[in-house]
Amino acid sequence: MTEYTIVIEDAGSNYSAYVIGLDGCISTGKTVEEAAENMREAIEFHLEGMRLHGDKLPKHMPIVKTVQVAS
């Protein structure tokens, strides 16, 4: 098992999601939970396609942190 960090954003009428470290792997959902589940499926599909094309799977995932900035 490998963990992937996903970002889910409010897109107005739904939620959009992408995964950090897997360019081009995106998904949507009507709810945050649906977007997360659809993203899990999209990651599996994306990795399968990478394997079929002989692409190297990412070995090192980025470190994600948050910072506070005065606004």
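Rules behind the numbers
Residues numbered from 1 in each chain as written. Predicted model: local features only at pLDDT ≥ 70, side-chain atom pairs only at ≥ 80, totals over all residues. Heavy atoms only, no water. Pairing = 2+ DSSP bridges. Helix = DSSP H or I, 4+ residues; strand = E, 2+ residues; numbered from the N terminus. Axes fitted to C-alpha atoms, helices over the stretch in contact; angles between N-to-C directions. Core = buried A, V, L, I, M, F, W, Y, C linked by side-chain atoms within 4.5 Å. Buried < 20%, exposed > 50% of the residue type's maximum accessible area, 1.4 Å probe, protein only. Contact = heavy atoms within 4.5 Å. Salt bridge = Lys/Arg side-chain N within 4 Å of Asp/Glu carboxyl O.

A. Structural view of the sheet that holds strand β2 (residues 15-19). Within the open sheet, the three strands sit side by side as β1-β2-β3. Their pairing is antiparallel. Strands with a single pairing partner mark the edges of an open sheet, and in this sheet they are β1 (6-10) and β3 (26-29). Geometrically, the sheet is characterised by an average inter-axis angle of 25° between neighbouring strands, direction not taken into account. As defined by bridge partners, β2 adjoins β3 across four bridges and the pair is classed as antiparallel. Directly across from Ser 16, in β3, lies its bridge partner Thr 28.

B. Local environment of the nonpolar core. The biggest cluster of nonpolar side chains holds ten residues, and these are Tyr 4, Ala 17, Val 19, Leu 22, Cys 25, Met 39, Ala 42, Ile 43, Leu 47 and Met 50. Those elements that place two or more of their residues in this core are β2 and α1 (32-52). Of all the elements, α1 adds the most residues to this core, at five residues. Setting aside anything within four residues of it in sequence, one finds Leu 47 in contact with Tyr 4, Leu 22 and Leu 57.

C. Focus on the pairing of β1. Of the strand pairs in this sheet, β1 and β2 are connected by five bridges, and their pairing is antiparallel. If you follow Asp 10 over to β2, its bridge partner there is Tyr 15. The turn linking β1 back onto β2 is made up of four residues, and Gly 12 within it adopts a positive phi angle of 95°.

D. Broad picture of the pattern of salt bridges. In total, this model carries two salt bridges according to the counting rule given. Residue Glu 44 pairs with Arg 40 through a salt bridge whose shortest N-O separation is 2.8 Å. Of this pair, Glu 44 and Arg 40 both sit in helix α1, four residues apart, which is roughly one turn of that helix. Residue classification places Glu 44 among the partly exposed residues on the basis of a relative accessible area of 45%. If you follow the salt bridges from partner to partner, you end up with Glu 37, Arg 40 and Glu 44 in one network.

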